[in-house]
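Residue-level structural notes
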Amino acid sequence: ALSAPTLSNNIRGCSVVYGDMARLPLKVKTFIEESVVLCKPDKIHIVDGSEAENKLMLKALKEAGAIIPLPKYDNCWLARTNPADVARVESKTFICTENREEAICTPKAGVQGSLGNWISPKDYDDAIMKRFPGCMKGRTMFVVPFSMGPVGSPLSKIGVEITDSQYVVCSMKIMARMGAAVMDEILNKNVEFVKCLHSVGTPENGKIDVESWPCDPERVIILHKPALSEIVSYGSGYGGNSLLGKKCFALRIGSTIAQREGWLAEHMLILGVTCPNGTKKYIAAAFPSACGKTNLAMMTPTLPGYKIECVGDDIAWMKFDSHGQLRAINPENGFFGVAPGTSYETNPNAMATIVKDTLFTNVAMTSDGGVFWEGLEDTLDKDTKITDWLGNPWGLGVSKTPAAHPNSRFCSPAEHCPIIDPCWEDSEGVPISAILFGGRRPQGVPLVFESRNWEHGVFIGSAMRSETTAAAEFKGKMIMNDPFAMRPFFGYNFGNYLKHWLSMENRCTELGGNMPKIFHVNWFRKDQNGQFMWPGFGENSRVLDWISNRIDGVDCFEETPIGLIPSEGSLRIENLKSQINMKELFSIPKDFWLKEVADIQTYFDNQVGSDLPKEIQAQLNDLKTRVEKM
Ligand code: GTP
Ligand code: SPV
Ligand code: MN
């Protein structure tokens, strides 16, 4: 049942139209008071996370034309954003510290830094005062208590997001544990929480371009102040900009907490792989945005006898336990996955997940009340009409523009995934045996190679590069450095982040544990005709098979200058649907790697400078020597 409306209650003269004032922890009340004074909302709604409340909010969103029902499925909805608000905005994302060096590396003179943006405390305050005063006039302010990680788990962390977007509230219900149980946790245990303030904003001229999706793209800004555990986000309603538990908290603020407390907050999927002999291992993998984490995490293996189970598809919090075993939790509660490319062939488990309780954003719609995007062409029959993500009629083979935005997403509860791991909510986390790095490398980089040791593995993470995708604001395809797939998400100086990663080895050894092995994978190598050389998706189980053997210490590798690759015949390629040129797929062209080494050196010199740990420079020097000897 709904809690009784508490109309007599108000906070700083603003009436609380929903929620229990009596159960409000003092610190939360203070946060609401400050936000009310600043944003001047009409009303306050304290979110309890109940199903009844969720229904009311979805109904209100539907009546406002902000979401469209998808009657083909069960409780599924489509939101169309303002076309100017479709992805994260790295260039407008800032970390605020007293000293610049705490937050970012010092780039070489005359070079634009690309490892995060720093903002001074004064400019931080100014940025807020230029945007927030009165920004919620005419709107309701929602107060969303949420937990990253299961409520009450020792590894979990709590946040309170204040937002003027019902879309955000409904998405947060899927993506995080939220509501009254979390508020009680704050009240009863007096725990600290991350203060998250979000407004979709109001443009300076007061004119909202797209009534159903208010935002202020001109003045969008995403601010983080780790010292005060504070996040302030203005002007965008889109995923990573507005669901503040995700990238802002679990990665940016999270990485600063992790550094302080001696653990790792990473942009990684977590999967369990069971081998034909019944043994099970867990693997974490960092690939840049839209480079295959969700797909690997939910993979249907083609190799007989293998089983994959999903713990998480985007974020891992990892910590060594008292025995020196690295353990990981997925702090999230749902998937905010890339829609295009998801299909019954590539990811049947995702397809089964998204037909219930899912909030889609910027996908295309079918005339029978379903969804459509690039990759689902086979599901269409002749009479189905399609409306593209902008709301215009769209014809297969006729229209020149994509039906769905390339960064369109599904937002679904993790518990609906048919292969969700039985241990996915275990509070102690799952034991991690290997860490994978990877990216979109059309040239030069083999399907898989293993690092020589931990330090070499950390170097491989630091030198990661990948073709840009639609997940960020960059236009056109170019190869960009994306160390640890964390470039947009570092909460502190990348040089110190590397030192933190290097320090993990001592931490583990002192506890008597074994370090996980580190690998690099590349599903995206292309041949001379621009075709992918490796079929990917379920066939990636063949790579996991080799990795699993390596974890078990099987002697199935060959040394190369860049690391260990499968020895002849050790990567199982039987029964592949198409012929693979294994020689090409694993070739390590000397010219390419000489240039790669030079490019990495330039990158380190330009972007990391004196913050680069000497161990990492030494690894690059060694690689250079080995490649030169080829
Ligand atoms: P974020 O949610 O942005 O962090 O992305 P992600 O890393 O989870 O990416 P996701 O798995 O959603 O994949 C993004 C795109 O890569 C989709 O269009 C997929 O179809 C494509 N993709 C994923 N795995 C493979 C693969 O093994 N081979 C090929 N060729 N494409 C893949
Ligand atoms: C990513 O871009 O890495 C995502 C989507 O996972 S968003 O939450 O929008 O950042
Ligand atoms: Mn991501």
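Residues numbered from 1 in each chain as written. Chains lettered and ligands numbered in written order. Predicted model: local features only at pLDDT ≥ 70, side-chain atom pairs only at ≥ 80, totals over all residues. Heavy atoms only, no water.

What follows concerns the packing of aromatic side chains. Under the definition given, this model contains 24 aromatic pairs. On the basis of an interplanar angle of 55° and a centroid distance of 4.8 Å, the ring pair of Phe 484 and Trp 501 is categorised as tilted. Of this pair, Phe 484 sits in the loop between β30 (479-481) and α12 (494-510) while Trp 501 sits in helix α12, placing them 17 residues apart in sequence. For the pair Phe 484 and Trp 501, a shared accessibility class is recorded, and that class is buried. Ring geometry for Tyr 603 against Phe 604: centres 6.3 Å apart, planes inclined by 45°, an arrangement best described as tilted. When sorted by exposure, Tyr 603 lands in the same class as Phe 604, which is buried. An aromatic cluster of three or more residues is present, and its members are Phe 437, Trp 454, Phe 484, Phe 490, Tyr 492, Phe 494, Tyr 497 and Trp 501. (Phe/Tyr/Trp six-rings, centres within 6.5 Å; stacked < 30°, edge-to-face > 60°. Helix = DSSP H or I, 4+ residues; strand = E, 2+ residues; numbered from the N terminus. Buried < 20%, exposed > 50% of the residue type's maximum accessible area, 1.4 Å probe, protein only.)

Glancing now at the coordination of the manganese ion (ligand 3). Around the manganese ion (ligand 3), the protein contributes the donor atoms Lys 247 (NZ), His 267 (NE2) and Asp 314 (OD), at 2.1 to 2.2 Å from the metal centre. The coordination sphere of the manganese ion (ligand 3) comprises 6 donor atoms, whose angles at the metal cover 75 to 174°; the geometry is octahedral. Each donor residue of the manganese ion (ligand 3) belongs to the same chain, with the gaps between them written as K-x19-H-x46-D. Taken together, the positions of Lys 247 in helix α8 (residues 245-261) and His 267 in the loop between β14 (264-266) and β15 (269-274) put the pair 20 residues apart, joining distant regions of the chain. In terms of burial, Lys 247 and His 267 fall into one category: buried. (Donors = N, O, S within 2.8 Å, 3.2 Å for Na, K, Ca; no water. Tetrahedral: all angles 85-135°; square planar, octahedral: opposite > 155°, others 65-115°.)

Once that is clear, we can look at the nonpolar core. The biggest cluster of nonpolar side chains holds 165 residues, and the ones touching the most others in it are Leu 436 and Ile 547. With residues up to four places along the chain from it excluded, the contact list for Leu 436 reads Ile 283, Ala 284, Ala 285, Ala 286, Phe 287, Leu 296, Phe 519, Val 521, Leu 544 and Ile 547. Core analysis: the next-biggest nonpolar cluster, separate from the first, contains 36 residues, Cys 14, Cys 96, Ile 128 and Ile 158 among them. (Core = buried A, V, L, I, M, F, W, Y, C linked by side-chain atoms within 4.5 Å. Contact = heavy atoms within 4.5 Å.)

We now examine the site of ligand 1. Neighbouring ligand 1 are 22 residues, the closest being Ala 290, Lys 293, Thr 294, Asn 295 and Arg 409. Between ligand 1 and Cys 291, the relevant distance is 3.3 Å, taken from an oxygen atom to a main-chain nitrogen or oxygen of the residue. Arg 409 has a polar side-chain atom sitting 2.7 Å from an oxygen atom of ligand 1. Relative to its unbound accessible surface of 670 Å², ligand 1 loses 92% to contact with the protein. Only α9 (293-297) and β20 (334-338) provide two or more residues apiece to the shell around ligand 1. Residues belonging to the shell around ligand 1 are distributed by class as follows: 10 nonpolar, 8 polar and 4 charged. (Near = heavy atom within 4 Å. Polar contact = N/O pair within 3.5 Å; in protein donor to acceptor, adjacent residues only side chain to side chain. Areas by Shrake-Rupley, 256 points an atom, 1.4 Å probe, with all protein chains shown as cover. Nonpolar A, V, L, I, M, F, W, Y, C, P; charged D, E, K, R; others polar.)

Our next topic: the environment of Glu 185. By the secondary structure assignment, Glu 185 is in helix α6 (residues 180-189). Considering only alpha carbons, one finds Glu 185 and Tyr 603, 418 residues apart in sequence, at a separation of 45 Å. Filtering out sequence-adjacent residues up to four positions away, Glu 185 remains in contact with Val 151, Gly 152, Ile 158, Asn 190 and Val 191.

In this section: the pairing of strand β12 (residues 221-225). Of all 5 residues in β12, 5 are buried; the element is thus mostly enclosed. Residues Ile 221, Leu 223 and Lys 225 point to one face of β12 and Ile 222 and His 224 to the other, with burial holding for every one of them. Bridge count between strand β6 (residues 93-96) and β12: 3 bridges; the pairing is parallel. Residue pairing across strands places Ile 95 opposite His 224, the latter belonging to β12. Relative to strand β13 (residues 230-234), β12 runs antiparallel, the two being bridged by 5 bridges. Bridge pairing links Ile 221 to Tyr 234 in β13. Hairpin connection of β12 to β13: 4 residues between the antiparallel strands, including Ser 229 at a positive phi of 50°. (Pairing = 2+ DSSP bridges.)

The subject of this paragraph is the confidence of the model for the chain. Residue-level pLDDT values for the chain average 96, and 99% of them are 70 or greater. Mean pLDDT across the elements of the chain ranges from a minimum in strand β1 (residues 10-11), with 93, to a maximum in β13, with 99. Scoring the predicted complex yields pTM 0.97 and, for the interface, ipTM 0.99. (pLDDT = per-residue confidence, 0-100.)

Take the packing of helix α11 (residues 454-462) against helix α16 (residues 614-628) next. Contact geometry for α11 and α16: axes closest at 9 Å, N-to-C directions at 90°. By the angle class used here, α11 and α16 are roughly perpendicular. Seen from α11, the contacting residues are Glu 455, His 456, Val 458, Phe 459 and Ser 462; seen from α16, they are Glu 615, Ile 616, Gln 619, Leu 620, Leu 623 and Arg 626. Classifying every residue of the contact of α11 with α16 gives 5 nonpolar, 3 polar and 3 charged. (Axes fitted to C-alpha atoms, helices over the stretch in contact; angles between N-to-C directions. Parallel < 35°, antiparallel > 145°, perpendicular 65-115°, else oblique.)

A few words on the site of ligand 2. Lining the immediate surroundings of ligand 2 are 13 residues, of which Arg 88, Gly 240, Lys 246, Lys 247 and Ser 289 lie closest. Within the side chain of Arg 88, one N or O atom sits 2.8 Å away from an oxygen atom of ligand 2. Ser 289 has a polar side-chain atom sitting 2.5 Å from an oxygen atom of ligand 2. Burial of ligand 2 by the protein amounts to 98% of the accessible area it has alone, namely 280 Å². Elements supplying a minimum of two residues to the shell around ligand 2: α7 (239-242) and α8. Among the residues forming the shell around ligand 2, the class breakdown is 4 nonpolar, 4 polar and 5 charged.

We now examine the sheet that holds strand β21 (residues 359-361). The strand order across the open sheet built from 5 strands is β4-β5-β21-β26-β20, with neighbouring strands paired in mixed fashion. Of all strands in the sheet, those with a lone pairing partner are β4 (67-69) and β20, marking the two edges. Looking at each pair of strands side by side, their axes are set apart by 20° on average, direction ignored. The sheet contact formed by strand β5 (residues 77-79) and β21 spans 3 bridges and is parallel. Bridge pairing in β21 places Trp 77 opposite Leu 359.

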